[in-house]
Amino acid sequence: MKAPLSWLGELVDLAGPPALDAETVAHRLNVTGTELDRLLHHGVRTPDTVVVGRVLAADQHPDADRLRVCRVDVGADEPSQIVCGAPNVAAGQVVAVATVGTVMPDGMKIKRAKLRGQASHGMICSARELGIGEQHEGILALDEHLPDAAAIAPGTRLSDVLPHADEVLELEVTPNRPDCLGLYGIAREVSAATGAALRPAPWEGETGPDPAGDAIDGFAVRVDTPRCRRFTARLFADVTVGPSPLWMQARLAAAGQRSINNVVDVTNYVMLVTGQPLHAFDADRIAGGALVVREARDGEALTTLDEEARTLRAGEVVIDDADGPTSLAGVMGGDRSEVHDGTVRVLLEVASWDGPTIHRTAQRLGLFSEAATRNAKGLAPEQTAWAQALATRLLVDLAGARRVGGTIDVGGDALAGDPDPIVVREARVARLLGAPVDRARQTELLRTLGFGVVDPDPTAAEGEGALHVLVPPERRVDVTREIDVVEELARLGVVADLTPTLPVRRRLTAATLSPVQRARRRVEDALVGRGLQEVVGWSFTDAGAAGRLGLADGDPRASAVRLEHPLSEDQAVLRPTILVSLLDVARHNRTRGADDVRIFETGTVFRDQPDPRRPDMPFEHAALGVLVQDDLFAVKGLLDAVLGALRIDGWELEPVDDVAFLHPGRGARIVLGDDVVGLLGEVHPTVADRWGLPRTAVCLLDLDQALPRAPERRPVRPVGQFPDARFDLAVVVADDVSARRTLEIARGAAGPLLEDVTVFDAYRGTGIADGHVSLALHVRLRAADRTLTDEEIGTVREAIVAALAADVGATLRG
Amino acid sequence: MLDQITELQEAGLRAVAAATTTDALEELRVGLLGRKAELPNLLRGVRDLPPDQRGPAGKAANEARQAIQSAIDERVATVAAAELDVRLRAERVDVTLPGRPEPVGGLHLLTRVRRQIEDVFLGLGFDVVEGPETETVHHNFDALNHAPNHPARDPGDTFYLAPSTVLPPLPAAAGAPTTADGGPLTRLLRTHTSPMQVRIMEREDPPVAVIVPGRVYRPDSDATHTPQFHQVEGLWIDVDITLADLKGVLLSFARAIFGEEREIRLRPHFFPFTEPSVEIDVSCHLCGGTGHRTDVAGHPRCGLCKGTGWIEILGSGMVDPNVLTAVGRPAYDPERVQGFAFGMGIERIAMLRYGLDDLRPLYENDLRLLGQLA
């Protein structure tokens, strides 16, 4: 919302004392709840250097057909010579002269110049050059626009006779404050925030029942839907459509509105002051003289005045005349009944609509006009009378209009009378804010906002009384409860110097991270410690990602959750596996020259399946993804580190050959107890190739399953004071005997002295029969109470060898 | 014989003193004290002497041998140290050559900042909880007192999920956005972490004091807005939690993150789920809240706070009674309990704290950049 300061100054006394400048007003609004987007300067940047001049002579330039050399009296001792290119410049005109030194709205500085050899000291301005209108075919002849132009002394500052440059507050009006979508509402805020005196509303005293009655000959309005809460109409005859006066054009321009013609400008001007949209019909283009406000039928068509053909939906509201829909209620008029240059009779509609209905319509059509934006908030039905009063005065003054008949006022039950007062307990205010505000101060603050305040028991002790607060119509959307009044008190009287306090935690536990949260930090730290960089990828991916991973349509990992209105096709679905974002990040870095990508990510993945934990919603779980440009064993080592950090023992890898994105010979399930908690392996070369990656190994772990299993501690085995005994064994087994099986047999045979047995090498090749592998085992034995003898060690060794031979036909390697 | 011993001893000691290498000393040891050397031979000849001469001669010969032995030992120690020193000096390396590379890892900046924020609030007495990223319209908007026409519900401001064929239908609020063919959109990607306010109150009795870090989504995309970003929600409900408490907590937070000297300012605002609502500005840490860079020549206007001295960091307020009522549990009767809520953007804190002016690189994950921010 753009609020030109001079216009605001007509509604609230900014002249002081103390005088309030734009920055002060903006600051006070900012700290009381009306945020300033920016402070703009509208129009000529040096307004004092633009003066009224009289053209004494306008002679043809000797060397340029299109230029005139003018002598202009600008109030100086000598007339100024100014070269002017406008076709309409003529001797005798009263004009606006930007004297040397003027900085124009676009930043151009007026300098002494020579144009085709002729000196030029200044510029005679067009309306558009001054930023006060659209007209730019010629210079602005003030004598055609200002009634007493001839009497203005040359040299008078233009701003003294025609305000043309202004400071403009561009304010962010929050959705709860539709009253501030009108300048008078902002003026009231300025008054409350600064103490400046609010002037009477421009419609004051003119909003009572119309003495001319509630009928207009030849016109009738019927409201058939409760979505119209009030519909008022007045008829104006003898209207002369033409340009608006310059002062109005200038104000509209400063407020960001284009001038159209006097009738349309009046509706916009009044909307800007009151916040209430208006619509002017050409009364002679209302077929049958009858308007019916009703809900549209699905599929009905209407051409709005922006010449767009619109198809309507059931529940949206249209205004019919005898020929069908003629206006999209509350959003935009129809082109059929639009005011035009030849219009002589205007029917002025000012109506109040159900906010959500208008919002939905505007939303669906992408048509947030100035009117729709305001109507979508749900305005007070009382505002219609304000707008009719002010618009009537302006149409009579500016368009020569004459009122005919009374004021049609129908629809809704909105004027049911004032709501009950809100009871505001003094103690409640103090308890919520942590600072007391006594009733006298509350009364003072609320009255500056136009609230009515009654203290039913002025003798009540401090902290025990209550006020009865009457909310003015324009605030009734927002202020309906005690707490809403507390907010008004807080923003105007409390927040600026509230003493901070710290609350007491009454929950008798210390605040800590949960075990799962601590476990996740350990996982992250373990991987960082192994030299991996954490990345944060997108939750979004494209619908084709599952296909690029090679997943068949039926694969649960391929059932992605889709967005209804994605920003782009690249971000149309939610990632069904964290592998997608890891591969994307790896590719991004590889194409930028990274040759050893070692990354991990934790994040949420989504599937279009019911989540067992909340069956109404899609499945989502927290995943860990690890990616290195290396082989399976590299990533298995990292998994070992992760699960070690989680103190999780007893996990296994089981080979898988049917996961589409994994190498069929180098992939595995991560198994914990009876559950599969993840996948690990080398990315299928075909898939890796689609991301432009060389050999890449990944580990995907379901953190929702893994983290809760991380114990806070595990049993401690005493290290003992006696040394362990170590020996290595090389055994040759058939290829299809897994290392895991070999170790299981060795463990089973070793007995209680075994501390640990691991595989430290696997060898195939020279000296080993085809189809066999030599596994090098490292065995550690220990007794808590003695140093083991060679004999004891030998016994265990023989037991292991014998068991391996018996169970899997293992032979000792030479 | 005694003279002979004395002479041998003196000659031996002279030779030892003159030796300059451990090898030469070893030769001397063999030559002077070895099996074939003169002195041991003399010692062996002692038994051939007359008995009265044997004692003094044997003693002298032994003493001579010991003197030479200890002279050699001493000399070896000295020479060996010098030799070692020479050898080690010859092993000199260029210490300016690089070390052997270790893989270097790091946390993403967003995780770092998230942990910092979590740790600050843990210290202030908040538990840390997390919640789902897909949400119902009910939890994201309705239960948080968003009017049916609140603009945040617009599909231009919220990612709705396309209707699913496998999920049960959810009740749709009147006026909910619809699909192109009119079906209601009832599920969405949470636009803020605030739905967790409701979920926590649904499952736990007051008092509650929690923060909720997590990923949220809005359809914006420019230098300072990405369609996914991260927030930390805060909620504290008890019988007596005030707006002054909110100020105290957030002042403590601001000082922990932005420096001990920071002040905060409560600026009234509007949020549907808090009443009163305030935005929190923190005094600018770059210019000390003056609006001008007194540390830079010419004291130019501070670019971070745009000369205002204040930086907006988050939105907050007292939990609206309608939100407490919507929980639907007597324990949250707004006449009995009250409290505050706040929500901040982790990216915003990270940008302010680490001087970033563009968010997008955080999601591009260029390792060369992440490494610097880790």
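Definitions and limits used
- Residues numbered from 1 in each chain as written.
- Chains lettered and ligands numbered in written order.
- Predicted model: local features only at pLDDT ≥ 70, side-chain atom pairs only at ≥ 80, totals over all residues.
- Heavy atoms only, no water.
- Helix = DSSP H or I, 4+ residues; strand = E, 2+ residues; numbered from the N terminus.
- Buried < 20%, exposed > 50% of the residue type's maximum accessible area, 1.4 Å probe, protein only.
- Contact = heavy atoms within 4.5 Å.
- Areas by Shrake-Rupley, 256 points an atom, 1.4 Å probe, with all protein chains shown as cover.
- Lys, Arg positive; Asp, Glu negative; His and termini not counted.
- Charge placed at Lys NZ, Arg CZ, Asp CG, Glu CD.
- pLDDT = per-residue confidence, 0-100.
- Pairing = 2+ DSSP bridges.
- Axes fitted to C-alpha atoms, helices over the stretch in contact; angles between N-to-C directions.
- Parallel < 35°, antiparallel > 145°, perpendicular 65-115°, else oblique.
- Left-handed = near helix turned anticlockwise from the far one by under 90°.
- Domains from an automatic or database assignment.
- Core = buried A, V, L, I, M, F, W, Y, C linked by side-chain atoms within 4.5 Å.
- Buried area = accessible area lost by both parts, 1.4 Å probe.
- Salt bridge = Lys/Arg side-chain N within 4 Å of Asp/Glu carboxyl O.
- Polar contact = N/O pair within 3.5 Å; in protein donor to acceptor, adjacent residues only side chain to side chain.
- Nonpolar A, V, L, I, M, F, W, Y, C, P; charged D, E, K, R; others polar.
- Expected span 1.5 Å × (residues − 1).
- Arc of directions from axis to C-beta.

With that settled, consider the overall build of chain A. Across its full length, chain A holds 21 helices and 37 strands. Split into buried and exposed, the 814 residues of chain A put 52% on the buried side. Taking the contacts inside chain A whose residues are at least 6 apart along the sequence as the reference set, 69% of them involve residues at least 24 apart. With the model as given, the accessible surface of chain A reaches about 35,200 Å², and the carbon-plus-sulfur share is 49%. Within chain A, one finds 88 positive and 120 negative side-chain charges whose respective centroids are separated by 4 Å.

Detailed reading of the predicted coordinates is not advisable wherever pLDDT is low. On average, residues of chain B score 91 in pLDDT, and 99% of them are at 70 or above. Per the prediction output, this complex has pTM 0.87; the corresponding ipTM is 0.88.

Before going further, it helps to spend a moment on the pairing of strand 4 (residues 208-217) of chain B. Residues and elements named next belong to chain B. With ten of ten residues buried, strand 4 lies mostly within the body of the structure. Where strand 1 (residues 127-128) and strand 4 come together, two bridges link them in parallel fashion. Its bridge partner being in strand 4, Val-128 is matched across the sheet by Ile-211. Bridge count for strand 4 against strand 5 (residues 228-238) is ten bridges, and the pairing is antiparallel. By the bridge assignment for strand 5, Gly-214 is matched with Gln-231.

Next up on the list: the pairing of strand 30 (residues 651-655) of chain A. A regular strand places its side chains on the two faces of the sheet in alternate fashion. Residue and element names in this part refer to chain A. Of the strand pairs in this sheet, strand 30 and strand 31 (residues 662-672) are connected by five bridges, and their pairing is antiparallel. Across the sheet, Pro-655 pairs through a bridge with Ala-668, a residue of strand 31. The antiparallel hairpin formed by strand 30 and strand 31 contains six residues in its connecting segment.

Let's shift gears to the packing of helix 1 (residues 2-18) of chain B against helix 3 (residues 38-45) of chain B. Residues and elements named next belong to chain B. Packing of helix 1 against helix 3 brings their axes to within 10 Å, and their N-to-C directions diverge by 160 degrees. One element, helix 1, and the other, helix 3, form an angle in the roughly antiparallel class. Regarding helix 1 and helix 3, the two cross each other, and that crossing is left-handed. Facing Gln-4, Ile-5 and Leu-8 of helix 1, the residues of helix 3 in contact are Glu-38, Leu-39 and Leu-42.

Right, let's get into the domain arrangement of chain B. By the assigned domains, chain B splits into domain 1 (2-104) and domain 2 (127-133 + 190-372). The centre of domain 1 of chain B, based on its C-alpha atoms, is set 81 Å off from the matching centre of domain 2 of chain B.

Turning to the side chain of A:Asn589, a few remarks are in order. Tracing the backbone shows A:Asn589 in helix 16 (residues 579-590). For A:Asn589, the residues in contact, after removing those within four places along its chain, are A:Ala594, A:Val597, B:Asn365, B:Asp366 and B:Leu367.

Residues and elements named next belong to chain B. Counting residues in each nonpolar core, the largest one holds 80 residues, and the members touching the most others are Ile-117, Phe-121 and Phe-342. In terms of residues, this core owes the most to one element, helix 8 (residues 243-258), which gives ten residues. Look past the residues within four positions of Phe-121 in its chain and what remains in contact with it is Phe-126, Ile-211, Val-249, Leu-250, Phe-253, Phe-342 and Met-344.

It is worth spelling out the sheet that holds strand 20 (residues 346-353) of chain A at this point. All names here are of chain A. Strand order across the open sheet formed by four strands is 13-20-12-21, with antiparallel pairing between neighbours. Since the sheet does not close on itself, it has two edges, and those belong to strand 13 (279-282) and strand 21 (402-410), each with one partner. For this sheet the average axis-to-axis angle between neighbouring strands, irrespective of direction, equals 20 degrees. Inspection of the sheet shows strand 12 (residues 228-237) paired to strand 20 by eight bridges, in the antiparallel sense. For Thr-232, the partnering residue across the bridge sits in strand 20 and is Val-350. The strands touched by helix 10 (residues 383-399) within the sheet are strand 12, strand 20 and strand 21, with strand 12 carrying the most contacts at an inclination of about 10 degrees.

Attention shifts here to the interface of chain A and chain B. Taken together, the contact pairs 91 residues of chain A with 108 residues of chain B. Here chain A meets chain B over a buried area of about 8,100 Å², counting both sides, of which 53% is carbon and sulfur. Joining chain A to chain B, the criterion identifies twelve salt bridges. Here A:Asp525 ties to B:Arg115 by a salt bridge, and the two come within 3.0 Å at their closest N and O atoms. Summed over the shared surface of chain A and chain B, the result is 49 residue pairs in polar contact (both at pLDDT 80 or more). Top element by residues in the side of chain A that touches chain B is strand 28 (residues 598-611) of chain A. It accounts for eight residues. Each residue belonging to the side of chain A that touches chain B can be placed in one class, and the counts come to 36 nonpolar, 24 polar and 31 charged.

Residue and element names in this part refer to chain B. End to end, helix 1 covers 24 Å across 17 residues, agreeing with the expected 24 Å (1.5 Å per residue, within 8%). Along helix 1, the residues that are buried comprise Ile-5, Leu-8, Gly-12 and Val-16. For helix 1, the angular spread of buried residues about the axis comes to 65 degrees, placing them on one side. With respect to the buried face of helix 1, the exposed residues turned more than 90 degrees away are Asp-3, Glu-7, Arg-14, Ala-17 and Ala-18. Contacts made by the buried residues of helix 1 are with helix 2 (22-33), helix 3 and helix 4 (51-90).

Turning our eyes to something else, we now look at the sheet that holds strand 30 of chain A. All names here are of chain A. In spatial order, the strands read 25-28-29-33-32-31-30; together these seven strands make up an open sheet with mixed pairing. The sheet is open, and its two edges are formed by strand 25 (533-534) and strand 30, each paired on a single side. Bridge analysis of strand 29 (residues 614-628) against strand 33 (residues 697-702) gives six bridges, and the strand direction is antiparallel. Bridged to Gly-625 within strand 33 is Leu-700.

The subject of this paragraph is helix 6 (residues 246-254) of chain A. Residue and element names in this part refer to chain A. Of all the nine residues making up helix 6, eight are buried; the element is thus mostly covered by neighbouring parts of the structure. When we look at burial in helix 6, the residues that qualify are Leu-246, Met-248, Gln-249, Ala-250, Arg-251, Leu-252, Ala-253 and Ala-254. Following helix 6 by one or two positions, Gly-256 adopts a phi angle in the positive range, close to 90 degrees.

The subject of this paragraph is the packing of helix 7 (residues 262-274) of chain A against helix 10 of chain A. All names here are of chain A. At their nearest, the axes of helix 7 and helix 10 sit 9 Å apart, and the two run at 145 degrees to each other. Read as a crossing pair, helix 7 and helix 10 show a hand that is right-handed. The residues of helix 10 that touch helix 7, namely those facing Asn-262, Val-263, Val-266, Tyr-269, Val-270, Val-273 and Thr-274, are Gln-383, Trp-386, Ala-387, Leu-390, Ala-391, Leu-394, Leu-395, Leu-398 and Ala-399. Of the residues belonging to the contact of helix 7 with helix 10, the class tally is 13 nonpolar, three polar and no charged.

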